[in-house]
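# Coordinate analysis (summary)
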Amino acid sequence: MLFYSFFKSLIGKDVVVELKNDLSICGTLHSVDQYLNIKLTDINVTDTEKYPHMLSVKNCFIRGSVVRYVQLPIDEVDTQLLQDAARREAQTQKQ
């Protein structure tokens, strides 16, 4: 639930999602669910020559199981808060 809560706080921000098939999609995070499925709006593909069919797509839904990486805006990530939350979650799982 830690990552779900974290991604919920990034709604409306621009992110880059890299998929397991090497497709990278830049867009605005519209929504995310508990399975880390992601909906992006105003998308652009980083390699348009390799994926020309994606030029006409403006919104997409990405299944969480096909995501390799999510690149986040550096100014939106509070690493100290994220580390503290991870420690608290680990403590509650031990008990």
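Scroll up to find the structure.
Anyway, here's the lowdown on the structure attached to this text. No experiment lies behind these values; they were computed from the predicted model shown.

## Quick look at the overall build of the protein
Scanning the protein for helices and strands turns up two helices and five strands. Each helix and strand of the protein, placed in order from N terminus to C terminus, yields the pattern α-β-β-β-β-β-α. Reported as C-alpha extents along the three principal axes, the dimensions of the protein are approximately 50 × 25 × 20 Å. The proportion of buried residues among the 95 residues of the protein is 32%. By sequence separation, contacts in the protein at least 24 residues apart represent 45% of the contacts at least 6 residues apart. As displayed, the protein has an accessible area near 6,600 Å², and 52% of this comes from carbon and sulfur atoms. One way to put it: in the protein the 11 positive side-chain charges average out to a point 7 Å from where the 12 negative ones average out.

## A closer look at the sheet that holds strand β3 (residues 38-45)
If you trace the five strands from one edge of the open sheet to the other, you get β4-β3-β2-β1-β5, paired in antiparallel fashion. Of all strands in the sheet, those bounded by a partner on one side alone are β4 (59-62) and β5 (67-71). Across the sheet, the axes of successive neighbouring strands diverge by a mean angle of 40°, strand direction being ignored. Taken together, the six bridges between strand β2 (residues 24-32) and β3 define a ladder with antiparallel strand orientation. Among the inter-strand pairings, Thr28 is bridged to a residue of β3, identified as Thr41.

## What to know about the side chain of Thr28
Along the chain, the position of Thr28 falls in strand β2. Note on Thr28: relative accessible area 18%, which makes it buried.

## Re the pairing of β2
By the bridge criterion, five bridges tie strand β1 (residues 14-19) to β2 in an arrangement that is antiparallel. Looking at the pairing, Val16 lines up with Cys26 of β2. Linking β1 back to β2 in an antiparallel pair, the connection comprises four residues, with Asp22 at a positive phi of about 75°.

## Topic: the nonpolar core
Within the largest apolar cluster, 19 residues are counted, with the highest numbers of intra-cluster contacts made by Val17, Ile25, Ile38, Leu40 and Ile62. Looking at this core, the elements with two or more residues in it are α1 (2-8), β1, β2, β3 and β4. In terms of residue count, the dominant contributor to this core is β3 (four residues). Those residues in contact with Ile38, other than ones at most four positions away along the chain, are Val17, Leu29, Ser31, Val32, Cys60, Phe61, Ile62, Val67 and Val70.

Conventions we followed
Residues numbered from 1 in each chain as written. Predicted model: local features only at pLDDT ≥ 70, side-chain atom pairs only at ≥ 80, totals over all residues. Heavy atoms only, no water. Helix = DSSP H or I, 4+ residues; strand = E, 2+ residues; numbered from the N terminus. Buried < 20%, exposed > 50% of the residue type's maximum accessible area, 1.4 Å probe, protein only. Contact = heavy atoms within 4.5 Å. Areas by Shrake-Rupley, 256 points an atom, 1.4 Å probe, with all protein chains shown as cover. Lys, Arg positive; Asp, Glu negative; His and termini not counted. Charge placed at Lys NZ, Arg CZ, Asp CG, Glu CD. Pairing = 2+ DSSP bridges. Axes fitted to C-alpha atoms, helices over the stretch in contact; angles between N-to-C directions. Core = buried A, V, L, I, M, F, W, Y, C linked by side-chain atoms within 4.5 Å.

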